[in-house]
Amino acid sequence: MVGAFSLGWILRRPAPAIHAISVAWIILLILQPWDIFSPGSILSFLATACLIWVVPKFQTEPLSPLDQLTYETRPLWQKLLLDLWGGVREGYKISAVIWVLVTPLAVYYTHVVSPIGLLIGPILIFLTTIALIVGFTSLLLGSLIPFFATLGSWLMYPLLAGCSVVVELADKTPGAYFYLADKSLWVIVIGYLLFAIWLTKPLIVSKKIWLALAGAWALAFLVPWRWAPRDLQITF
């Protein structure tokens, strides 16, 4: 996807997000066709689609002219604190939206719900983003001056080690994750369909009905139940 966007920028032709995702999917189909319907591939494309089309719906509205004027009159240290708080808040909001949308499908494959991901997600994203920037920069400069490759490895090690420490601490936290029984695929599909309708046509029904539908779906998703199979099953 990054290559598609970059190529569009170089050619001065806008690359719509759906085209970039399609190109990525086609490349994956050609190079690794066995991964098209793997859990990791499906969850990755779902998270990417969520970032492109869903997250902007939940972003904070820009400041009004009066609020912007008030912001400009504040001291520098207050501006820095407000900007830091705004970045942290937006990071956790984005992480929460992605977590909510990806979790049902992840549970379908893994039967695990990880609430701790809401807490450590932005932290890991921050550390891995810096590690990626350092890594690609060291690859580019290291091909010209070998010292930069060594320097990049020195900088990347504490970042990746920090990710490992955060994950290990989160894994030991009580209530970090719990297991759910098998879920019927139609329950997952109905949930995504309801969310898509709410996202595109929120006024089709009242807010109370949307809340009732969300509560009913959450109950059907969390409660361990299944339809009894009709065929004979023998277990030992």
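Residues numbered from 1 in each chain as written. Predicted model: local features only at pLDDT ≥ 70, side-chain atom pairs only at ≥ 80, totals over all residues. Heavy atoms only, no water.

Caption draft 1: Examining the overall build of the chain more closely. Check the secondary structure of the chain and you find nine helices and two strands. Starting at the N terminus and ending at the C terminus, the chain contains elements arranged as α-α-α-α-α-β-α-α-β-α-α. Burial statistics for the chain: of 236 residues in total, 24% are counted as buried. Within the chain, counting contacts between residues at least 6 apart in sequence, those at least 24 apart form 70% of the total. Working note: accessible area of the chain is about 17,100 Å², and carbon and sulfur atoms make up 74% of it. (Helix = DSSP H or I, 4+ residues; strand = E, 2+ residues; numbered from the N terminus. Buried < 20%, exposed > 50% of the residue type's maximum accessible area, 1.4 Å probe, protein only. Contact = heavy atoms within 4.5 Å. Areas by Shrake-Rupley, 256 points an atom, 1.4 Å probe, with all protein chains shown as cover.)

Caption draft 2: Summary view of the packing of helix H5 (residues 76-110) against helix H8 (residues 185-200). The interhelical angle for the contact between H5 and H8, taken along N-to-C directions, is 170°, at an axis separation of 10 Å. Regarding the angle of H5 to H8, the classification is roughly antiparallel. Between H5 and H8, the residues in contact are Leu-101, Val-102, Pro-104, Leu-105 and Tyr-108 and Leu-185, Ile-188, Tyr-192 and Phe-195, respectively. Of the residues contributing to the contact of H5 with H8, the split by class is nine nonpolar, no polar and no charged. (Axes fitted to C-alpha atoms, helices over the stretch in contact; angles between N-to-C directions. Parallel < 35°, antiparallel > 145°, perpendicular 65-115°, else oblique. Nonpolar A, V, L, I, M, F, W, Y, C, P; charged D, E, K, R; others polar.)

Caption draft 3: Examining a nonpolar patch on the surface more closely. Judged by side-chain polarity, Val-23, Trp-25, Ile-26, Ile-27, Leu-29, Ile-30 and Leu-31 come together as a nonpolar surface patch covering roughly 660 Å² of accessible area. Structurally, Ile-30 is set in helix H2 (residues 17-31). Residue Ile-30 is classed as exposed on the basis of its relative accessible area, which comes to 63%. (Patch = residues over 30% accessible without salt bridge, like charges linked within 9 Å, V, L, I, M, F, W, Y side chains within 5 Å. Salt bridge = Lys/Arg side-chain N within 4 Å of Asp/Glu carboxyl O.)

Caption draft 4: Representation of the packing of aromatic side chains within the structure. A complete count under the given rule lists six aromatic pairs for this structure. Between Phe-195 and Trp-198 the ring centres are 5.7 Å apart and the planes differ by 40°, which places this aromatic pair in the tilted class. Here Phe-195 pairs with Trp-198, and both are found in helix H8, just three residues apart, close to one helical turn. On the numbers, 5.0 Å between centres and 10° between planes, the contact of Trp-217 with Phe-221 is stacked. In this pair, Trp-217 and Phe-221 are both assigned in helix H9 (residues 207-222), four residues apart and thus about one turn of the helix distant. Following the ring pairs from residue to residue traces out a cluster consisting of Phe-58, Phe-195 and Trp-198. Directly above the aromatic system of Tyr-71 lies the positively charged group of Lys-79, at a separation of 5.8 Å from the ring centroid. (Phe/Tyr/Trp six-rings, centres within 6.5 Å; stacked < 30°, edge-to-face > 60°. Lys NZ or Arg CZ within 6 Å of the ring centre and 35° of its normal.)

Caption draft 5: Just the pattern of salt bridges, in detail. This structure, assessed with the given rule, holds two salt bridges. Notably, a salt bridge pairs Glu-72 with Lys-79, separated by 3.6 Å at the nearest N-O pair. The partly exposed category is assigned to Glu-72, whose relative accessible area is 44%. Of the charged contacts, one joins Glu-90 and Lys-93 as a salt bridge, the two residues approaching to 3.5 Å between their closest N and O atoms.

Caption draft 6: The packing of H5 against helix H6 (residues 117-142), seen in detail. Two numbers describe how H5 lies on H6: the axes approach to 9 Å, and their chain directions differ by 120°. With respect to each other, H5 and H6 are oriented oblique. As H5 packs across H6, the resulting crossing turns out to be right-handed. Here Gly-91, Tyr-92, Ser-95, Ala-96 and Trp-99 of H5 come into contact with H6, specifically with Gly-117, Leu-118, Leu-119, Gly-121, Pro-122 and Ile-123. Here the residues of the contact of H5 with H6 sort into seven nonpolar, four polar and no charged. (Left-handed = near helix turned anticlockwise from the far one by under 90°.)

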